[in-house]
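Here is what each chain is made of, one letter per residue.
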Amino acid sequence: MPYLSYRVVEGAHNTARVEVPVGDGAPLVVSPQEVSAEILRALKRQGEQGLGVEVKKAVVPVPAYFDDAQRQVTRDAGGIAGLEVVRIVNEPTAAALAYGLGLKGSTRSSGPTQSPRTSGASGVKTIAVFDLGGGTFDISILRLTPGESAGGTDFFQVLSTAGDTHLGGDDVDQMLVELFLREIEVEERRTGAEPRPLSAGARQALRTLLDPHMRGGGGPRSNTRSGWWPEAAMDPGGGARGG
């Protein structure tokens, strides 16, 4: 994957490692657990800043198809980040809870536009959860069984899960970048400009333009030629020209 700023290399015992460039020195090789731990540390800091208290424990959601080994690695990452992972939950379950499903007395109005299918008088519900993330696009079918008592805890069961592990926001971003690169090449040929490879800085600028958070907020940009070409054009020095 040439558009990534790091390499995936082989580690001890035939395991995967990430090789990250560090200035002019030797590259840093880290494990997936350490990468996850850095993300959890950042989330821990954000939580502590928002709550005003130290965060010591966490519930971490993972894809429903994670096996026991992957879930244990997630717990290990939490430990490296200084967190006690009290529970690992499936992501579709976490999404359903975020929408107020399974929470007794919930008055949350936002959420799915259609009510989950209810089976019989027992109140058992079947829920479909779509998850378009940064790297995957998944769908899970859940069964929600109400607690037996008035204050009982509802029970979530993942009946099935499927999806594409190579389709997500990052993939969409990369396809758009490649589209704009082809348009730049066509424009250069039309104007008689000498074709040249797009610099790493220009590629990063394109990816930044695709991310509204990195642009400082605002709504989505148009992905038409008129909306993108002025900012995607190359300057004589090989960088990206601001619009």
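Before going into details, it helps to say that this report is about the structure given with it. (Residues numbered from 1 in each chain as written. Predicted model: local features only at pLDDT ≥ 70, side-chain atom pairs only at ≥ 80, totals over all residues. Heavy atoms only, no water.)

This paragraph deals with the nonpolar core. Within the largest apolar cluster, 11 residues are counted, these being Ala 37, Leu 40, Val 55, Ala 58, Val 60, Val 62, Ala 77, Ala 81, Leu 83, Val 85 and Ile 88. Every element with two or more residues in this core is listed here: α1 (32-51), β4 (57-62) and β5 (84-90). A total of 3 residues in this core trace back to one element, the largest contributor, which is β4. Excluding residues that lie within four positions of it along the chain, Val 62 makes contacts with Arg 71, Thr 74, Ile 88, Val 89, Asn 90 and Glu 91. One finds Ala 96, Leu 101, Leu 142 and Phe 156 within the second-largest nonpolar core, a separate group that totals 7 residues. (Core = buried A, V, L, I, M, F, W, Y, C linked by side-chain atoms within 4.5 Å. Buried < 20%, exposed > 50% of the residue type's maximum accessible area, 1.4 Å probe, protein only. Helix = DSSP H or I, 4+ residues; strand = E, 2+ residues; numbered from the N terminus. Contact = heavy atoms within 4.5 Å.)

So, about the pattern of salt bridges. Overall, the coordinates contain 4 salt bridges when judged by the stated rule. Measuring nitrogen to oxygen at the nearest pair gives 2.5 Å for the salt bridge that ties Arg 41 to Glu 38. Of the two residues, Arg 41 and Glu 38 are both situated in helix α1; the distance of 3 residues between them amounts to about one turn of the helix. For Arg 41, a relative accessible area of 25% translates into the label partly exposed. A salt bridge links Glu 187 to Arg 190; the nearest nitrogen and oxygen atoms lie 2.4 Å apart. Here Glu 187 and its partner Arg 190 are both found in helix α4 (residues 169-191), 3 residues apart, which amounts to about one turn of the helix. When its relative accessible area of 13% is taken as the criterion, Glu 187 is described as buried. (Salt bridge = Lys/Arg side-chain N within 4 Å of Asp/Glu carboxyl O.)

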